[in-house]
Amino acid sequence: MSSREKHLEEIHNRRCSLEEECEEALAGKSGIVLEIGCGHGHFLTAYAQTHPEQFCVGIDLISRRIRLANDKRTKRYLNNLLFLKAEGVEMLDAMPSAVRLEGVFVIFPDPWPKKRHHRRRLMQVEYLNKLAHRTVAGGKLYFRTDSPDYFQWTVEKLIQHPDWDLTEELNWPFATTTYFQQLMESFYSLAACKITADPSM
Ligand SMILES: C[S@@+](CC[C@H](N)C(=O)[O-])C[C@H]1O[C@@H](n2cnc3c(N)ncnc32)[C@H](O)[C@@H]1O
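Residues numbered from 1 in each chain as written. Predicted model: local features only at pLDDT ≥ 70, side-chain atom pairs only at ≥ 80, totals over all residues. Heavy atoms only, no water.

## Focus on the overall build of the protein
Right, so step 1: On a plain count of helices and strands, the protein comes out with 6 helices and 7 strands.
Right, so step 2: Reading the helices (α) and strands (β) of the protein from amino to carboxyl end gives α-β-α-β-α-β-α-β-α-β-α-β-β.
Right, so step 3: For the protein, whose C-alpha radius of gyration is 17 Å, the value lies close to the compact-globule estimate of 17 Å for 201 residues.
Right, so step 4: For the protein, restricting intrachain contacts to residue pairs at least 6 apart in sequence, the fraction spanning at least 24 positions comes to 79%.
Right, so step 5: Accessible surface for the protein amounts to roughly 11,500 Å². Of this, 50% is attributable to carbon and sulfur atoms.
Right, so step 6: Averaging the coordinates of the 26 positive side-chain charges in the protein and doing the same for the 27 negative ones gives two points 6 Å apart. (Helix = DSSP H or I, 4+ residues; strand = E, 2+ residues; numbered from the N terminus. Rg over C-alpha atoms; globule rule 2.2 N^0.38 Å. Contact = heavy atoms within 4.5 Å. Areas by Shrake-Rupley, 256 points an atom, 1.4 Å probe, with all protein chains shown as cover. Lys, Arg positive; Asp, Glu negative; His and termini not counted. Charge placed at Lys NZ, Arg CZ, Asp CG, Glu CD.)

So this is what it looks like as structure tokens:
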């Protein structure tokens, strides 16, 4: 097997096992909240503790962070919380087709400050499309960053997006300091609402 074939097989296997994990954890569930790039899980653990009516899933690329996050969940006996090692796009693709999100948190995502790296940012139009498809009408997207440039970038993408309503009326729903937040002098937050489909269309 060539190294390219081996690489493709690894991707395939990773996606299949994520699909299985998602099926087991999410099939038939409602009130799902997803945090993308959850790091050590500080935010979502505290959030899940105070929102027992919701089912919270945090994902991150780094295994050690997911392990530490799941330790927090175990210590607190939280059965409405789960952390998975997964990438943001792959996670949305792997969830059972009927699953819809009630809330999405993206808190201090990697800002990729250099212009030539902007295409690596998570908040791309294509990703906002995918998120909108996976979010219930009226569901919320919460975004927080320390980068004024990334904040403005996301504001512009949301203003232009037909499925998201960027609203100043929505407050950040839950106050707790994340690991990265404590390192930052200042930060910017926004909330957007998934637009309800017009039944006449
Ligand atoms: C700057 S840290 C912020 C962590 C946490 N939200 C906090 O505030 O402490 C960004 C995190 O996003 C994760 N990450 C980056 N790109 C990702 C992606 N495409 N999918 C999932 N996680 C990602 C990184 O591994 C990292 O843990």
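What follows picks up the thread again.
## Brief notes about helix 2 (residues 42–50)
Right, so step 1: Where helix 2 is concerned, the buried positions are Phe-43, Leu-44, Thr-45, Ala-46, Tyr-47 and Ala-48.
Right, so step 2: Along its buried surface, helix 2 packs onto strand 1 (32–36), strand 2 (55–60), helix 3 (63–75), strand 3 (81–85) and strand 4 (101–107). (Buried < 20%, exposed > 50% of the residue type's maximum accessible area, 1.4 Å probe, protein only.)

## Observations regarding the pairing of strand 7 (residues 188–194)
Right, so step 1: With 5 of 7 residues buried, strand 7 lies mostly within the body of the structure.
Right, so step 2: Sheet topology places strand 5 (residues 135–145) next to strand 7; 6 bridges connect them, and they run antiparallel. From the neighbouring strand, Thr-145 faces strand 7, where its bridge partner is Tyr-188.
Right, so step 3: Pairing of strand 6 (residues 164–166) with strand 7 involves 3 bridges; the strand directions are antiparallel. Residue pairing across strands places Asp-165 opposite Cys-193, the latter belonging to strand 7. (Pairing = 2+ DSSP bridges.)

## Considering a nonpolar patch on the surface
Right, so step 1: Where nonpolar side chains cluster on the molecular surface, the patch consists of Tyr-179, Phe-180 and Leu-183 and spans about 290 Å² of accessible area.
Right, so step 2: The residue Phe-180 is located in the loop between strand 6 and strand 7 in this model. (Patch = residues over 30% accessible without salt bridge, like charges linked within 9 Å, V, L, I, M, F, W, Y side chains within 5 Å. Salt bridge = Lys/Arg side-chain N within 4 Å of Asp/Glu carboxyl O.)

## Structural notes on the sheet that holds strand 6
Right, so step 1: Strands sit in the order 3-2-1-4-5-7-6 across an open sheet of 7 strands; the sheet is mixed. At either margin of the open sheet sits one strand with a lone partner, and together these are strand 3 and strand 6. Shown here is a sheet whose adjacent strand axes are inclined to one another by a mean of 20°, direction ignored.
Right, so step 2: As paired strands, strand 4 and strand 5 are joined by 6 bridges and run parallel to one another. Counterpart to Val-106 in the pairing with strand 5 is Phe-143.
Right, so step 3: Lying on the sheet, helix 6 (residues 148–160) is in contact with strand 5, strand 6 and strand 7; it crosses strand 7 at an angle near 15°. (Axes fitted to C-alpha atoms, helices over the stretch in contact; angles between N-to-C directions.)

## Overview of the pattern of salt bridges
Right, so step 1: All told, the structure shown has 4 salt bridges when counted by the stated rule.
Right, so step 2: With a shortest N-O distance of 3.3 Å, Glu-90 and Arg-15 are connected by a salt bridge. With Glu-90 in helix 4 (residues 88–94) and Arg-15 in helix 1 (residues 3–26), the pair connects residues that are 75 residues apart, well separated along the chain.
Right, so step 3: For Arg-15, a relative accessible area of 43% translates into the label partly exposed.
Right, so step 4: Of the charged contacts, one joins Lys-130 and Asp-93 as a salt bridge, the two residues approaching to 2.5 Å between their closest N and O atoms. With Lys-130 in helix 5 (residues 125–134) and Asp-93 in helix 4, this pair connects stretches of sequence that are 37 residues apart.

## Comments concerning a positive patch on the surface
Right, so step 1: On the surface, Lys-114, Arg-116, Arg-119 and Arg-120 cluster together into a patch of positive charge.
Right, so step 2: By the element assignment, Arg-119 lies in the loop between strand 4 and helix 5.

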